[in-house]
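A closer look at the structure
What follows is the residue order along each chain.
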Amino acid sequence: MGTRSGIRNADTTIQVLFEISSVLNGTSTLGEMYKSIHKSLGRIFNVDNMYIALYNEDKDSISFPYHVAEIDKDFVEVFEISKKQSMIAKVINKKKALLATKDALMKMVSKESGELVGTPCQIWIGVPIIIKGRVLGALVLQSYTSRDMFKKSDLTILSSVSEQVAMAIERKK
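Residues numbered from 1 in each chain as written. Predicted model: local features only at pLDDT ≥ 70, side-chain atom pairs only at ≥ 80, totals over all residues. Heavy atoms only, no water.

1. Focus: the overall build of the chain
Looking only at helices and strands, one finds five helices and six strands in the chain. Secondary structure of the chain in N-to-C order comes out as α-α-β-β-β-α-β-α-β-β-α. The C-alpha atoms of the chain give a radius of gyration of 15 Å, which matches the 16 Å a tight globule of 173 residues would have. Referenced to the eigenvectors of the C-alpha coordinate spread, the extents of the chain come out at roughly 45 × 40 × 30 Å. Residues classed as buried in the chain amount to 48% of the 173 residues present. Put simply, 60% of the contacts in the chain that link residues at least 6 apart link residues at least 24 apart. Of the roughly 8,900 Å² of accessible surface on the chain, a fraction of 52% belongs to carbon and sulfur atoms. Averaging the coordinates of the 24 positive side-chain charges in the chain and doing the same for the 19 negative ones gives two points 3 Å apart. (Helix = DSSP H or I, 4+ residues; strand = E, 2+ residues; numbered from the N terminus. Rg over C-alpha atoms; globule rule 2.2 N^0.38 Å. Buried < 20%, exposed > 50% of the residue type's maximum accessible area, 1.4 Å probe, protein only. Contact = heavy atoms within 4.5 Å. Areas by Shrake-Rupley, 256 points an atom, 1.4 Å probe, with all protein chains shown as cover. Lys, Arg positive; Asp, Glu negative; His and termini not counted. Charge placed at Lys NZ, Arg CZ, Asp CG, Glu CD.)

Structure, rendered in structure tokens:
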């Protein structure tokens, strides 16, 4: 499993990025691709809580074709995502990678009268999946045990993975 200290080994990270690139070209279905990405990312991150959300612009909704979670098990389609204030909605609506601790999440909920979807985690990190300026969804990791599990620098690694995922999704459609 990935490092729990938040320190990433550069060589392993590069190997994982190459591995993911190879996997994306070699898998036949999106489901296989998501599982392979999860396994590969597990070498550098704690992926006990990971999900991929896909955005449907016509329905203004997100669905969760892949999710692994320790606590929350119900990943139902969420509608009116453009009107939501949740972290995943912000990633999708603003096309921007975000990292937040539980304290920041709770402040956001109270300040913006937003809704907290799911069980509050210690830290949340998410990156948009974008191709040709269009948001296809988001890749998210979270931890219920350590607020130091992810660092701002991890956004760069996950953004690189999300770019590859976007190209693979586009090809497989």
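2. Observations concerning helix H2 (residues 30–41)
Taking 1.5 Å as the rise per residue, H2 with 12 residues should run 16 Å; its terminal C-alpha atoms sit 16 Å apart, in good agreement. Burial in H2 covers these residues: Met33, Tyr34, Ile37, His38, Ser40 and Leu41. Along the axis of H2, the buried positions cluster into a sector of 170 degrees, meaning they face one direction only. Every exposed residue of H2 that faces more than 90 degrees away from the buried side is listed here: Lys35 and Lys39. In the core, the buried residues of H2 are packed alongside helix H1 (10–26), strand S1 (50–56), strand S2 (61–68), strand S6 (134–143) and helix H5 (154–172). (Expected span 1.5 Å × (residues − 1). Arc of directions from axis to C-beta.)

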